[in-house]
Amino acid sequence: MDALFPTYAKWDIVVEIAEGSKIIDKSGKEYLDFVSGIAVCNLGHRNPVVQQAIQQQLDKFWHVSNLFHTELQQEVAGKLVENCDMDSVFFCNSGAEANEAALKLARKYTQKSKVITFKQSFHGRTFGTMAATGQDKIHSGFGPLLQEFVYLPYNDCEQLEKEMDDTVAAILVEVIQGEGGVIPASAEFLETIQNLCQKFGALFIIDEVQTGIGRTGKAFAYQHFNISPDIMTLAKGLGSGLPIGAMLGKEYLREAFGPGTHGSTFGGNLISLAAAKATLDIIFHDEFMLDVEEKGEYLSKKLNEILGDQSWMTEVRGKGLIQGIACQSEVVQAITAIRNNGLLVLPAGQNVIRLLPPLTVSYEEIDKAVNLIEETLVNVGIN
Ligand SMILES: *Cc1c(COP(=O)(O)O)cnc(C)c1O
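Residues numbered from 1 in each chain as written. Predicted model: local features only at pLDDT ≥ 70, side-chain atom pairs only at ≥ 80, totals over all residues. Heavy atoms only, no water.

The following threshold applies: UniProt positions are given in the numbering used here, feature names are shortened, and annotations may be inferred rather than shown by experiment.
Looking at an unreviewed UniProt entry, the chain carries the name Acetylornithine aminotransferase, with the source organism given as Fredinandcohnia quinoae. Quoted verbatim from the Subunit (unreviewed entry) heading of the UniProt record, the comment on the chain is "Homodimer." Annotation of the chain in UniProt includes, under Subcellular location (unreviewed entry), the sentence "Cytoplasm".

As for the layout of surface pockets
Rules: With a 1 Å grid laid over protein atoms only, a set of points is called a cavity when a 1.4 Å probe fits there but cannot get out and a pocket when it is open yet has protein on both sides within 12 Å along at least five of seven lines; lining residues have an atom within 4 Å of a point. Grid points are joined across faces, edges and corners, and a volume is the space filled by probe spheres set on the points. Put simply, DSSP H or I for four residues or longer makes a helix, DSSP E for two residues or longer makes a strand, and each gets a number counted from the N terminus. Under the grouping applied here, Gly and all other residues not named as nonpolar or charged are polar, the nonpolar ones being Ala, Val, Leu, Ile, Met, Phe, Trp, Tyr, Cys and Pro and the charged ones Asp, Glu, Lys and Arg.
In this structure, the second largest pocket spans a volume of roughly 960 Å³. If you trace the second largest pocket, you find 29 residues lining it, with Gln73, Val89, Phe90, Phe91 and Phe257 closest to the centre. Breaking the lining of the second largest pocket down by element, the ones donating at least two residues are α3 (71-82), β4 (88-92) and β12 (245-249). Residue composition of the lining of the second largest pocket, by class: twelve nonpolar, 14 polar and three charged.

With respect to empty space enclosed by the protein
This structure, assessed with the given rule, holds one cavity of 30 Å³ or more. There is about 60 Å³ of room inside the largest cavity. The wall of the largest cavity is formed by His63, Val64, Ser65, Asn66, Phe68, Thr70, Gln73, Thr265, Gly267, Gly268, Asn269 and Leu270. Its residues assigned to classes, the lining of the largest cavity comprises three nonpolar, nine polar and no charged.

A few points about the sheet that holds strand β6 (residues 149-152)
For clarity, the threshold we go by: Strands qualify as paired when DSSP identifies two bridges or more between them. Here the axes come from fitting lines to C-alpha atoms, over the contacting stretch only for helices, and the angles between their N-to-C directions go from 0 to 180 degrees. Only heavy atoms enter the contact rule, under which two residues are in contact if any of them lie within 4.5 Å.
Taken together, seven strands build an open sheet; the order of strands is β4-β12-β11-β10-β7-β5-β6 and the sheet is mixed. Edge positions in the sheet fall to β4 and β6, since each of these pairs with one other strand and no more. Across the sheet, the mean angle from the axis of one strand to that of its neighbour is 20 degrees, orientation sign disregarded. Two strands pair when backbone bridges link them, and strand β11 (residues 231-234) and β12 are joined in this way by four bridges, in the antiparallel orientation. Counted as the bridge partner of Leu234 is Ala246 from β12. Of the strands in this sheet, β4, β11 and β12 touch α3, which is tilted by about 125 degrees from β4.

Considering the packing of helix α11 (residues 332-340) against helix α12 (residues 363-377)
Convention followed: Put simply, angles under 35 degrees are roughly parallel, angles over 145 are roughly antiparallel, angles from 65 to 115 are roughly perpendicular, and the rest are oblique. Definitions for this section: a left-handed crossing has its near helix turned counterclockwise from the far helix by less than a right angle. A right-handed crossing has that turn clockwise.
Running from amino to carboxyl end, α11 crosses α12 at an angle of 120 degrees, the nearest separation of the two axes being 9 Å. Considering the angle they form, α11 stands oblique to α12. For the element pair α11 and α12, the recorded crossing hand is right-handed. Every residue of α12 that contacts α11 at Ala334, Ala337 and Ile338 is listed here: Ile373, Thr376 and Leu377. Among the residues making up the contact of α11 with α12, the classes are represented as five nonpolar, one polar and no charged.

Considerations on a negative patch on the surface
Rules: Patches here are clusters of residues that have more than 30% relative accessible area and form no salt bridge, with a 9 Å joining cutoff for like charges and a 5 Å cutoff for nonpolar side chains (Val, Leu, Ile, Met, Phe, Trp, Tyr). Surface accessibility in these figures is a Shrake-Rupley result with a 1.4 Å probe; residues are shielded only by whichever protein chains are displayed. By salt bridge we mean one thing: a side-chain nitrogen of Lys or Arg within 4 Å of a carboxyl oxygen of Asp or Glu. The charge count includes Lys and Arg as positive and Asp and Glu as negative, but it does not include His or the ends of the chains. Here the site of a charge means atom NZ of a Lys, CZ of an Arg, CG of an Asp or CD of a Glu. The rule is simple: take the accessible area with a 1.4 Å probe, protein chains only, and divide by the maximum for that residue type; under 20% is buried, over 50% is exposed, in between is partly exposed.
On the surface, a cluster of negative charge is made up of Glu158, Glu161, Glu188 and Glu191. Only α7 (157-163) and α8 (187-200) provide two or more residues apiece to the negative patch. Checked against the element boundaries, Glu191 lands in helix α8. Judged by its relative accessible area of 34%, Glu191 is partly exposed.

Brief notes about α8
Heads up, the rule is: Helix span, expected: 1.5 Å multiplied by one less than the number of residues in the helix.
Between its terminal C-alpha atoms α8 stretches 20 Å, which fits the 20 Å expected from 14 residues at 1.5 Å a residue. The complete set of buried residues in α8 reads Phe189, Leu190, Thr192, Ile193, Gln194, Leu196 and Cys197. Where α8 is buried, its residues contact β5 (114-118), α7, β7 (168-174) and β10 (203-207). Of the residues trailing α8, Gly201 is marked for its positive phi of about 65 degrees.

Quick look at the nonpolar core
For clarity, the cut-off: As used in this record, nonpolar core signifies buried Ala, Val, Leu, Ile, Met, Phe, Trp, Tyr and Cys residues forming a set joined through side-chain atoms within 4.5 Å. Here the bounds of each domain stem from an automatic or database domain assignment.
In this structure, Leu80, Phe118, Ile193, Phe220, Ile353 and Ile373 are the most contacted members of the largest nonpolar core, which totals 88 residues. Ranked by residues supplied to this core, first place goes to helix α9 (residues 270-283) with nine residues. Per-domain counts for this core show at least three residues from each of domain 1 (15-33 + 286-380) and domain 2 (48-283). Counting 21 residues, the second-largest nonpolar core is a separate cluster that includes Phe90, Cys92, Ala131 and Ile205.

Laid out in structure tokens, this is it:
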């Protein structure tokens, strides 16, 4: 019966319908969704304003190819660069493609090929981005890998200073390692990367595929720091569930990506862009960002209150509405138990429970989620 490749360890849920922070399955069971399609549905499921924007574009045209000018591409690109210190945008369809474009641009611009990335990072599943990912389990069975990636320990300035030289084309880093365990970079680490890149003529690439589009309480997570990367990549939250990715770069990189150097048939698809425009119009406002930041602090405080004295809990960490509960042992069973109780959460690495509620989550829903976690885990533990 199952005609799909079994590439995913699927949950025991057949989805019937989703709205806001809720998913309802075939049997009528309701779940509170703190996964958001893995940081994709940042406005919850089927936000009505986004839905209307998609419907309006469906009535105009769906796809014409990148040989045409379209106002929508210019508008979304403009909206993105207005909200960060980048100048130019290349649209694609996914996070991996955005990072792939960044790696190609870094080679083309610097005429060098070595790229430094970090242990337990995640950058995608294509040959280039798989090689960029610092996890053996993602590489396993697919060698030989694309060459000249070096994986250094995350947040370790000393090692980085030792390894850095003028053969490096780029340093690629997540501001918060998402898949790797919700591990935030230190300010010192990000500033060291920027200084070393400037000193040795390398490009500073930030992977904001998971942390971008308001997730951390700023439009982009790097804006919590006093840094200005050369390239930034986006995808997940950009289209509220429609497939879209983007690679953004500084002005001086434009000529390395001239006509014919790179492209994508579906990149910048108009239906996805209609969703992106409506999404950014809602999210990129100071009040919206402040609300995300405050709800993140509230969630983190509540989690610390209920779990603070549990011996198996190490720490609650994250920023805004990406929060991780780091534990002493594996969390797979705990996550299943929480799900059976009606709350959807994710693992990050082996030992971290990751919470990615929609940015529109209410305080009541946060309280409900925290109660469900308490009911499931406190007094029972995580195994
Ligand atoms: C999800 C993710 C990717 C890969 O995105 P895809 O759309 O699955 O290709 C890359 N980098 C980070 C940080 C991610 O979280």
